[in-house]
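# Residue-level structure breakdown
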Amino acid sequence: REEVTIEIFERPEISATEVTVCAPDRPGLLSEILGVFYAHDLSVPGIRASTTTDSKPIAIDVFQVSRSDRPVPAATMSQVSKDTQAVLLREKSAFEILIQKGKDPNRLLEVD
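Summing up its helical and strand segments, the protein chain has three helices and four strands in all. Starting at the N terminus and walking to the C terminus, you meet the elements of the protein chain as β-β-α-β-β-α-α. A compact globule built from 112 residues should have a C-alpha radius of gyration of about 13 Å, and the protein chain, at 14 Å, falls within 12% of that. Within the protein chain, the fraction of its 112 residues that count as buried is 36%. Counting contacts in the protein chain only where the partners sit at least 6 residues apart, residues at least 24 apart contribute 58% of the total. Summing over all exposed atoms, the protein chain offers an accessible surface of approximately 7000 Å²; the carbon and sulfur share of this is 49%. Both charge centroids of the protein chain, one from 13 positive and one from 18 negative side chains, sit 4 Å from each other.

Below you can see the structure in the form of C-alpha cells.
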C-alpha cells in the first residue's frame with residue numbers, strides 16, 4: 001500500500017492554514033489535490049510543489065489555503081485531509097468529491 005502523509009498547520013500570521021502533502025508522485029496529482037480544495041470552497045494563495053528524483057518519486061507539496069482570508073476551521077480541515085487522503089490512495093476520485101460537494105467538475109473557468 002502507498003504511504004501518504006498530510007500535515008496541517010494553522011498559520012494565523014499569514015491568515016491561512018498550511019497543508020503539507022507527501023505522496024508517491026503521479027501525473028495529475030497536483031490537480032487532484034486542488035480539486036479537493038475547490039470542492040471544499042478553499043482559496044489557495046500559495047503553493048510550493050516539488051518532487052524527489054528517486055527511482056520512486058515522492059511529491060512534497062506545501063499549500064497555503066484559506067477561507068474568507070482566514071485560516072480554515074479545524075473541523076473543515078479534518079474533512080479536507082480525509083478527502084485528500086482518499087484521493088491520493090485512489091479510494092475516491094476528486095471528481096466524486098466535487099460532485100458530493102455540489103460542484104460541477106466539468107465547469108469551465110470564466111475569465112473577465
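Here the focus is helix 2 (residues 74-88). Over its 15 residues, helix 2 extends 21 Å from the first C-alpha to the last, a length consistent with the 21 Å expected when each residue adds 1.5 Å. Those residues of helix 2 hidden inside the fold are in contact with strand 1 (5-11), strand 2 (16-24), helix 1 (29-39), strand 4 (58-66) and helix 3 (94-100). Just past helix 2, the residue R90 takes up positive phi, approximately 60 degrees.

V19, F37 and V65 are the most contacted members of the largest nonpolar core, which has 22 residues in total. Non-local contacts of F37, meaning those with residues more than four positions away in its chain, are made with V19, L42, V44, F63, V65, V80 and T84.

Parameters and conventions
- Residues numbered from 1 in each chain as written.
- Predicted model: local features only at pLDDT ≥ 70, side-chain atom pairs only at ≥ 80, totals over all residues.
- Heavy atoms only, no water.
- Helix = DSSP H or I, 4+ residues; strand = E, 2+ residues; numbered from the N terminus.
- Rg over C-alpha atoms; globule rule 2.2 N^0.38 Å.
- Buried < 20%, exposed > 50% of the residue type's maximum accessible area, 1.4 Å probe, protein only.
- Contact = heavy atoms within 4.5 Å.
- Areas by Shrake-Rupley, 256 points an atom, 1.4 Å probe, with all protein chains shown as cover.
- Lys, Arg positive; Asp, Glu negative; His and termini not counted.
- Charge placed at Lys NZ, Arg CZ, Asp CG, Glu CD.
- Expected span 1.5 Å × (residues − 1).
- Core = buried A, V, L, I, M, F, W, Y, C linked by side-chain atoms within 4.5 Å.

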